[in-house]
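This is what each chain is made of:
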Amino acid sequence: KAGVTQTPRYLIKTRGQQVTLSCSPISGHRSVSWYQQTPGQGLQFLFEYFSETQRNKGNFPGRFSGRQFSNSRSEMNVSTLELGDSALYLCASSLGFITGFYNEQFFGPGTRLTVL
Amino acid sequence: GQNIDQPTEMTATEGAIVQINCTYQTSGFNGLFWYQQHAGEAPTFLSYNVLDGLEEKGRFSSFLSRSKGYSYLLLKELQMKDSASYLCARGGYGGSQGNLIFGKGTKLSVKP
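Residues numbered from 1 in each chain as written. Chains lettered and ligands numbered in written order. Predicted model: local features only at pLDDT ≥ 70, side-chain atom pairs only at ≥ 80, totals over all residues. Heavy atoms only, no water.

## Observations concerning the overall build of chain A
At step 1: Along its length, chain A carries 0 helices and 11 strands.
At step 2: Ordering the α and β elements of chain A from the N terminus gives β-β-β-β-β-β-β-β-β-β-β.
At step 3: For chain A, whose C-alpha radius of gyration is 14 Å, the value lies close to the compact-globule estimate of 13 Å for 116 residues.
At step 4: Summarising its shape, the C-alpha atoms of chain A cover approximately 40 × 30 × 25 Å along the three principal directions.
At step 5: Among the 116 residues that make up chain A, the fraction classed as buried is 49%.
At step 6: When contacts within chain A are restricted to residue pairs at least 6 apart in sequence, those whose partners lie at least 24 apart make up 55%.
At step 7: The positive charge centre, built from 11 side chains, and the negative charge centre, built from 6, are 4 Å apart in chain A. (Helix = DSSP H or I, 4+ residues; strand = E, 2+ residues; numbered from the N terminus. Rg over C-alpha atoms; globule rule 2.2 N^0.38 Å. Buried < 20%, exposed > 50% of the residue type's maximum accessible area, 1.4 Å probe, protein only. Contact = heavy atoms within 4.5 Å. Lys, Arg positive; Asp, Glu negative; His and termini not counted. Charge placed at Lys NZ, Arg CZ, Asp CG, Glu CD.)

## Here's the deal with the sheet that holds strand β7 (residues 64–68) of chain A
Residues and elements named next belong to chain A.
At step 1: Read across the sheet, 4 strands follow the order β1-β3-β8-β7 without closing on themselves; strand pairing throughout is antiparallel. In this open sheet, the two strands that pair with only one neighbour each are β1 (5–7) and β7. On average, adjacent strands in this sheet sit at an angle of 20° to one another, irrespective of strand direction.
At step 2: Pairing analysis gives 5 bridges linking β7 to strand β8 (residues 74–78), with the strands arranged antiparallel. Paired with Q68 across the two strands is S74, which belongs to β8. (Pairing = 2+ DSSP bridges. Axes fitted to C-alpha atoms, helices over the stretch in contact; angles between N-to-C directions.)

## Side note on the packing of aromatic side chains
At step 1: On inspection of all chains with the given rule, the structure shows 15 aromatic pairs over all chains.
At step 2: Ring geometry for Y35(B) and F45(B): centres 5.9 Å apart, planes at 80°, overall edge-to-face. Within this pair, whereas Y35(B) is found in strand β4 (residues 32–37), its partner F45(B) is found in strand β5 (residues 44–49), the two being separated by 10 residues in sequence.
At step 3: Put simply, the rings of Y35(A), F45(A), F107(A), F33(B), Y35(B), F45(B), Y48(B) and F102(B) touch in pairs and so form one group of aromatic residues. (Phe/Tyr/Trp six-rings, centres within 6.5 Å; stacked < 30°, edge-to-face > 60°.)

## Topic: the pattern of salt bridges
At step 1: Applying the stated criterion to the full structure yields 7 salt bridges over all chains.
At step 2: Across the pair E56(B) and K76(B) runs a salt bridge, and its minimum N-O distance is 3.6 Å. Placement of the pair is E56(B) in strand β6 (residues 53–57) and K76(B) in the loop between β8 (70–75) and β9 (84–90), with a sequence separation of 20 residues.
At step 3: Assessed through its relative accessible area of 27%, K76(B) is described here as partly exposed.
At step 4: For R59(B), the salt bridge identified is with D82(B), shortest N-O distance 2.8 Å. Taken as a pair, R59(B) in the loop between β6 and β7 (60–65) and D82(B) in the loop between β8 and β9 lie far apart in primary sequence, 23 residues in all.
At step 5: Among the ionic contacts, a cluster of salt bridges with common partners joins R63(A), E82(A) and D85(A). (Salt bridge = Lys/Arg side-chain N within 4 Å of Asp/Glu carboxyl O.)

## Side note on the interface of chain B and chain A
At step 1: Residue-level contacts link 16 residues of chain B with 19 residues of chain A.
At step 2: In total, about 1600 Å² of surface goes out of reach between chain B and chain A, with carbon and sulfur atoms giving 55% of it.
At step 3: Where chain B packs against chain A, one counts 0 salt bridges.
At step 4: Our enumeration of links across chain B and chain A arrives at 4 residue pairs in polar contact (both at pLDDT 80 or more).
At step 5: Contributing elements (two or more residues each) for the side of chain B that touches chain A: β4 and β5 of chain B.
At step 6: The leading source of residues in the side of chain B that touches chain A is β4(B), at 3 residues. (Buried area = accessible area lost by both parts, 1.4 Å probe. Polar contact = N/O pair within 3.5 Å; in protein donor to acceptor, adjacent residues only side chain to side chain.)

## Focus on the environment of S27(B)
At step 1: Along the chain, S27(B) falls in the loop between β3 (18–24) and β4.
At step 2: The spatial distance from the C-alpha of S27(B) to the C-alpha of E56(B) is 26 Å, given a sequence separation of 29 residues.

## As for the state of the cysteines
At step 1: Applying the stated rule across the entire model yields 2 disulfides over all chains.
At step 2: Here C23(A) engages in a disulfide with C91(A); their sulfurs sit 1.7 Å apart. With the S-S dihedral at roughly -50°, the linkage between C23(A) and C91(A) falls on the left-handed side. Placement of C23(A) in strand β3 (residues 19–24) and of C91(A) in strand β9 (residues 87–94) is noted, with a sequence separation of 68 residues between them.
At step 3: Sulfur-sulfur distance for the disulfide between C22(B) and C88(B) comes to 1.9 Å. Note on the C22(B) and C88(B) pair: the S-S dihedral is about -70°, so by sign convention the disulfide is left-handed. You can see C22(B) sitting in strand β3 and its partner C88(B) sitting in strand β9, a full 66 residues away along the chain. Across the pair, C88(B) and C22(B) agree in class, each one buried. (Disulfide = S-S within 2.5 Å.)

Listed below in structure tokens is the structure:
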């Protein structure tokens, strides 16, 4: 079974530009979550999607947005890029909401975004 | 707050045992996870605790005390390949575990 894939793997942008990152979950997984990882702040939750609906959103400005398609693939968009947006953006997929059971998330390799 | 605290760095010797501690905010608790992340790679799931006690999985064990907001990851018979960052995370709010709140990670260095 193929793992979580993310494209592109590396990206260089300049301040003010926008960027779209893509995530394809493991086949059969309906939940996709996005995280930002930086050396200073560690892994921080961005959004969670399940069946095309945003279930939860982290404490990030409105420049960060996302969506999920009917095939569970997800994209996140960052507009008006700032230097501080340079980070590793990780996508994780899981089966979805299973009350009472742990819901293991499988992480993709990430997209390394550098903002100049 | 949602603080999760764990030591920044630890060093241990090959073959030894190491315990990585984690404390977390107890309100709205929804499970405690441990992930391993090698440099330049994605995090991989190690363990999950939702009830008090010890969960053992081979060389790795994880312990939880919900009343104390405390967990630890125990690594036995350390190997060089165990050098990695270990991330403590609690399940988020709203009953979902898809919005994990992570600590900043403990970088473990295993020396020969």
